[in-house]
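Listed below, chain by chain, are the residues.
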Amino acid sequence: MKELLESIRKKAMEEIAQSEDPEALRIRYLGKKGELTAVLRGMGSVPPEERPVIGALANDIREQIEAALAAKAEEKKEKELAHKLEAEALDVTIPGTACAVGRRHPLAQTENMLRDIFIGMGFSVAEGPEVEYDYYNFEALNLPKNHPARDTQDTFYITDNILLRSQTSPVQVRTMEVQKPPIRVISPGRVYRADPADATHSPIFHQVEGLVVDKGITMGDLKGILELFAKRMFGKETKIRFRPHHFPFTEPSAEVDVSCFVCGGKGCRLCKGEGWIEILGAGMVHPFVLSNCGIDPEVYSGFAFGMGIERIAMTRLGIDDMRLLYENDVRFLHQF
Ligand code: DAH
């Protein structure tokens, strides 16, 4: 028995010393069906007087095997850690990869400025659908079917009654239908016209509409608001000028220019020698439009204006080709 135990000890210690998998050896020697366990099960055949000696020896061997296995497991863990540290070594002295910092697109910058300026004057922001009914885009705005002024906006029709909005003015109608005066809203958004793209046209562009309706609103209010807007957008020295015009949804109507902020009005390349730059259309909301929306023109009056965001951005930033705004060339965009 003794010899058998000693031979197990010897074999186990040798194997543990060389083993890569101490857990398998634990099972093989000390497990329920392990070699040492099997010997201990055979204790019944040992004469009773020898049992304490054999038992003590077996215990001693078990402890020795356990200690060797634990040491081996520890050694294995350390080896793995060393390996991992080496494999995942991080050289903190290598220069980092520079991260390109983005910024807002010049159109978005301009739209945000517009929003800030008008929100600062107490306007709220209203939105409307880009796929619009003919009724909102034209009819309710005093542009019945076959009205010649429809020709100035080459419109993408989807059906006879559904189109891609050609202006943000339909949001006026949608706002007045659900909101009673006092009304003070702007509505920035995308609009569509069947124009081929060139330096000053694009089939998709952006407008901001403005609408104020209340008792006693006059053209003086319109001028005051637009003058403040022009100064905030283009600089304190900026002046505005109204030229008579026709829009079916306003009466009277005007086109509005700002004094050239580059030359101050003397005439330069930006203003093409004019001293003035046209930036928007405006007027007093036509009584028909008010009554189309359920607002009594005898009680309320209002003004409206609309401008192209591209034109404002191009004027402000000195961009001379609209297509640059849609090409997403970072060499261009980086400048703003
Ligand atoms: N919707 C007009 C356009 O696209 C711009 C405009 C002019 C809007 C006068 C208005 C306005 O609200 O009163 O040409």
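Residues numbered from 1 in each chain as written. Predicted model: local features only at pLDDT ≥ 70, side-chain atom pairs only at ≥ 80, totals over all residues. Heavy atoms only, no water.

Caption draft 1: Region of interest: the overall build of the protein chain. Helix and strand counts for the protein chain come out as 11 helices and nine strands. Compactness check: the protein chain gives a C-alpha radius of gyration of 42 Å against a globular reference of 20 Å for 336 residues, more than 25% above the reference. In terms of overall dimensions, the protein chain has a C-alpha envelope of 125 × 50 × 35 Å along the principal axes. When each of the 336 residues of the protein chain is scored for burial, the buried share is 41%. Relative to all contacts within the protein chain whose residues are 6 or more apart in sequence, the contacts with residues 24 or more apart total 65%. If the 42 positive side-chain charges of the protein chain are averaged to one point and the 50 negative ones to another, these points end up 2 Å apart. (Helix = DSSP H or I, 4+ residues; strand = E, 2+ residues; numbered from the N terminus. Rg over C-alpha atoms; globule rule 2.2 N^0.38 Å. Buried < 20%, exposed > 50% of the residue type's maximum accessible area, 1.4 Å probe, protein only. Contact = heavy atoms within 4.5 Å. Lys, Arg positive; Asp, Glu negative; His and termini not counted. Charge placed at Lys NZ, Arg CZ, Asp CG, Glu CD.)

Caption draft 2: Summary view of the domain arrangement of the protein chain. Considered domain by domain, the protein chain is made up of domain 1 (2-87) and domain 2 (106-333). Using only C-alpha atoms to locate each centre, domain 1 and domain 2 end up separated by 89 Å. (Domains from an automatic or database assignment.)

Caption draft 3: Representation of the packing of aromatic side chains in the model. Tallied over the entire structure, the rule returns eight aromatic pairs. Where Phe 303 meets Phe 305, the ring centres are 6.5 Å apart and the plane angle is 25°; that geometry is what we call stacked. Residue Phe 305 is classed as buried on the basis of its relative accessible area of 1%. Through pairs of rings, three or more aromatic residues link up here, namely Phe 118, Phe 123, Phe 229, Phe 303 and Phe 305. For the cation-ring pair, Arg 174 lies above Tyr 136, with the distance from its terminal atom to the ring centre recorded as 4.1 Å. Taking the ring centre of Phe 242 as reference, the NZ or CZ of Lys 223 above it sits at 5.3 Å. (Phe/Tyr/Trp six-rings, centres within 6.5 Å; stacked < 30°, edge-to-face > 60°. Lys NZ or Arg CZ within 6 Å of the ring centre and 35° of its normal.)

Caption draft 4: Seen up close, the site of the ligand. In the vicinity of the ligand there are 16 residues, among which Gln 167, Gln 172, Arg 193, Gln 207 and Glu 209 approach most closely. In this structure, Glu 209 approaches the ligand through a side-chain N or O atom, which is 2.5 Å from an oxygen atom. In the environment of the ligand, an oxygen atom lies 3.1 Å from a nitrogen or oxygen atom belonging to the backbone of Ala 304. Surface burial for the ligand is 91%, taken as the share of its 350 Å² of free accessible area covered by protein chains. Counting only elements with at least two residues in the shell around the ligand, the list comes to strand S5 (204-214), strand S8 (276-285) and strand S9 (301-308). Residues of the shell around the ligand, tallied by class, amount to five nonpolar, nine polar and two charged. (Near = heavy atom within 4 Å. Polar contact = N/O pair within 3.5 Å; in protein donor to acceptor, adjacent residues only side chain to side chain. Areas by Shrake-Rupley, 256 points an atom, 1.4 Å probe, with all protein chains shown as cover. Nonpolar A, V, L, I, M, F, W, Y, C, P; charged D, E, K, R; others polar.)

Caption draft 5: Just the pairing of S9, in detail. The buried fraction of S9 is high, at seven of eight residues. Two strands pair when backbone bridges link them, and S5 and S9 are joined in this way by eight bridges, in the antiparallel orientation. By the bridge assignment, Val 208 is partnered in S9 with Met 307. Relative to S9, S8 runs antiparallel, the two being bridged by five bridges. Bridge pairing in S9 links Leu 280 to Met 307. (Pairing = 2+ DSSP bridges.)

Caption draft 6: The packing of helix H1 (residues 2-18) against helix H2 (residues 22-30), seen in detail. At their nearest, the axes of H1 and H2 sit 11 Å apart, and the two run at 170° to each other. Overall, the two elements H1 and H2 adopt an arrangement that is roughly antiparallel. Each of Ile 8, Lys 11, Ala 12, Glu 15 and Ile 16 in H1 lies in contact with H2, whose residues at this interface are Leu 25, Arg 28 and Tyr 29. Its residues placed into classes, the contact of H1 with H2 shows five nonpolar, no polar and three charged. (Axes fitted to C-alpha atoms, helices over the stretch in contact; angles between N-to-C directions. Parallel < 35°, antiparallel > 145°, perpendicular 65-115°, else oblique.)

Caption draft 7: How the structure looks around empty space enclosed by the protein. Counted according to the given criterion, the structure contains one cavity of 30 Å³ or more. As a volume, the largest cavity reaches approximately 30 Å³. Lining the largest cavity are Val 171, Gln 172, Thr 175, Val 185, Ile 186, Ser 187, Glu 209, Gly 210 and Leu 211. Of the residues belonging to the lining of the largest cavity, the class tally is four nonpolar, four polar and one charged. (1 Å grid on protein atoms, 1.4 Å probe; cavity = no way out; pocket = protein on both sides within 12 Å on 5 of 7 lines; lining within 4 Å. Points joined across faces, edges and corners; volume = space filled by probe spheres on them.)

Caption draft 8: Molecular detail of the sheet that holds strand S1 (residues 124-125). Sheet architecture is open: seven strands sit in the order S1-S4-S5-S9-S8-S7-S6, paired in mixed fashion. The open sheet terminates on both sides in strands that have one partner only, identified here as S1 and strand S6 (240-247).

Caption draft 9: Quick look at the environment of His 147. Position of His 147 among the secondary structure elements: in the loop between helix H6 (134-137) and strand S3 (162-164). For the pair His 147 and Pro 248, spaced 101 residues apart in the sequence, the C-alpha separation amounts to 9.4 Å. In contact with His 147, not counting residues within four places along its chain, are Asn 142 and Pro 248.

Caption draft 10: Molecular detail of the packing of helix H5 (residues 106-120) against helix H8 (residues 219-234). As a packed pair, H5 and H8 sit with axes 10 Å apart at the nearest point and diverge in direction by 135°. The angle between the axes of H5 and H8 places the two elements in the oblique class. Handedness of the crossing formed by H5 with H8: right-handed. Mapping the contact onto sequence places Thr 110, Met 113, Leu 114, Ile 117 and Phe 118 in H5 and Ile 225, Phe 229, Arg 232 and Met 233 in H8. For the contact of H5 with H8, the class distribution of residues is seven nonpolar, one polar and one charged. (Left-handed = near helix turned anticlockwise from the far one by under 90°.)

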